[in-house]
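Analysis of the macromolecular model
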Amino acid sequence: METRVAVMGIIVENTETVEQLNDLLHAYGNVIIGRMGIPYREKGIHVISIVLDAPQDTIAALAGKIGQLSGIHVKTAYSNVVSNA
C-alpha cells in the first residue's frame, strides 16, 4: 500500500467541538507521526499541526471529517515522499 507524508493544519475557533476533534485524532492515531498544539489566547483560537504517514485516501478522509466539525478549519499539504508500506 502506498503512503504519503503530509501535514495537516487545523484552526479551532469553537472549543465546544474539541472533544470530537480529539476523538477523530485518536481514531487515526496509528498514522499520526506527531502533533503540536498552540493556544493563541489573544485571538481566542487554537492552532494544531498534525504530521501523518498514510495512504492519501486515509488522509483525505480524516481531513473531510475534521472539516465537518463546527468552528474548525483544516488544510492539508502533501509531500512528494511516497513509500510502500
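The preceding data block contains the structure.
To keep things clear, this report deals only with the structure shown in the data block.

Definitions and cut-offs
- Residues numbered from 1 in each chain as written.
- Predicted model: local features only at pLDDT ≥ 70, side-chain atom pairs only at ≥ 80, totals over all residues.
- Heavy atoms only, no water.
- Helix = DSSP H or I, 4+ residues; strand = E, 2+ residues; numbered from the N terminus.
- Expected span 1.5 Å × (residues − 1).
- Buried < 20%, exposed > 50% of the residue type's maximum accessible area, 1.4 Å probe, protein only.
- Arc of directions from axis to C-beta.
- Contact = heavy atoms within 4.5 Å.
- Pairing = 2+ DSSP bridges.
- Axes fitted to C-alpha atoms, helices over the stretch in contact; angles between N-to-C directions.

What about helix α2 (residues 56–67)?
Along its twelve residues, α2 runs 16 Å from first to last C-alpha, staying within 8% of the 16 Å computed at 1.5 Å per residue. Within α2 the residues assigned to the buried category are Ile59, Leu62, Ala63 and Ile66. Projection of α2 onto a plane perpendicular to its axis shows the buried side chains occupying an angular sector of 100 degrees, all on one side. Looking at the buried side of α2, the elements it contacts are β1 (2–12), α1 (18–27), β3 (45–54) and β4 (72–84).

Points about the sheet that holds strand β2 (residues 32–40)
On the basis of which strands lie adjacent, the open sheet formed by four strands has the order β2-β3-β1-β4 and antiparallel pairing. Each end of this open sheet is capped by a strand with a single partner; those strands are β2 and β4. When the angles between neighbouring strand axes are averaged without regard to direction, this sheet yields 10 degrees. Sheet analysis places β1 next to β4, joined by ten bridges and oriented antiparallel.

Focus: α1
Since the α-helix packs 3.6 residues into each turn, any two residues three or four apart lie on the same face. Leu21, Leu24 and Leu25 are the residues of α1 that are buried. Buried residues of α1, viewed axially, fall in a sector of 95 degrees; they line one side. In α1, the exposed positions that point more than 90 degrees away from the buried face belong to Glu19, His26 and Ala27. Looking at the buried residues of α1, the elements they touch are β1, β2, β3, α2 and β4.

Keep in mind that these numbers describe shape and distance, not what the molecule does.
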